[in-house]
Amino acid sequence: MRKIVSKKDIFFILGVILLAVVFFIWQSIRTTGLVNIHAAIQLNGETVKTINLDTDTDFYVEERPNVRFRIQEGLVAFVCSDCLDQICVNAGFLGRVGQMAACLPNGLVMIIRGDTPDDNIDLFLQEENIYYTLS
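Residues numbered from 1 in each chain as written. Predicted model: local features only at pLDDT ≥ 70, side-chain atom pairs only at ≥ 80, totals over all residues. Heavy atoms only, no water.

A. Broad picture of unusual backbone geometry. Not every positive phi belongs to a glycine, and Asn44 is a case in point at roughly 50 degrees. With respect to the element layout, Asn44 can be found in the loop between strand E1 (35-43) and strand E2 (46-52). (Helix = DSSP H or I, 4+ residues; strand = E, 2+ residues; numbered from the N terminus.)

Structural data, given as structure tokens:
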């Protein structure tokens, strides 16, 4: 008669759990020490507003008053948009550096950034010490 759960299954499950815990700890450590976490709102590729996430507020960008954002407990989200698909609103609240959400029909992209030496670097060529950024 075969066992339902073998020793290999138990080791595999424990390995997956351990890997998940290590990843969670690594993500937590990676964002520790960041200061001035803020959202950069871009309209058609150009940054039109930068706002810190330390104060709860609702806001919009003047060029697209029909799209509203909300900062709440250090997180930011699209909360209202006139686009049909509502993908931007369904993205929910974001607060980790590097996360982003977009409302493509309105041409808006929200990127979470923080003040670290290499946070906004998109490409680094070590031989030449050349830094490239998209914003």
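The discussion continues.
B. The pattern of salt bridges, seen in detail. Under the defined criterion, the tally for this structure stands at one salt bridge. Linking Arg70 and Asp58 is a salt bridge whose minimum nitrogen-to-oxygen distance equals 2.8 Å. With a gap of 12 residues between them, Arg70 in strand E4 (residues 64-72) and Asp58 in strand E3 (residues 57-61) connect regions that are remote in the sequence. Judged by relative accessible area, Arg70 falls into the partly exposed class, the value being 31%. Residue Asp58 is classed as partly exposed on the basis of its relative accessible area, which comes to 45%. (Salt bridge = Lys/Arg side-chain N within 4 Å of Asp/Glu carboxyl O. Buried < 20%, exposed > 50% of the residue type's maximum accessible area, 1.4 Å probe, protein only.)

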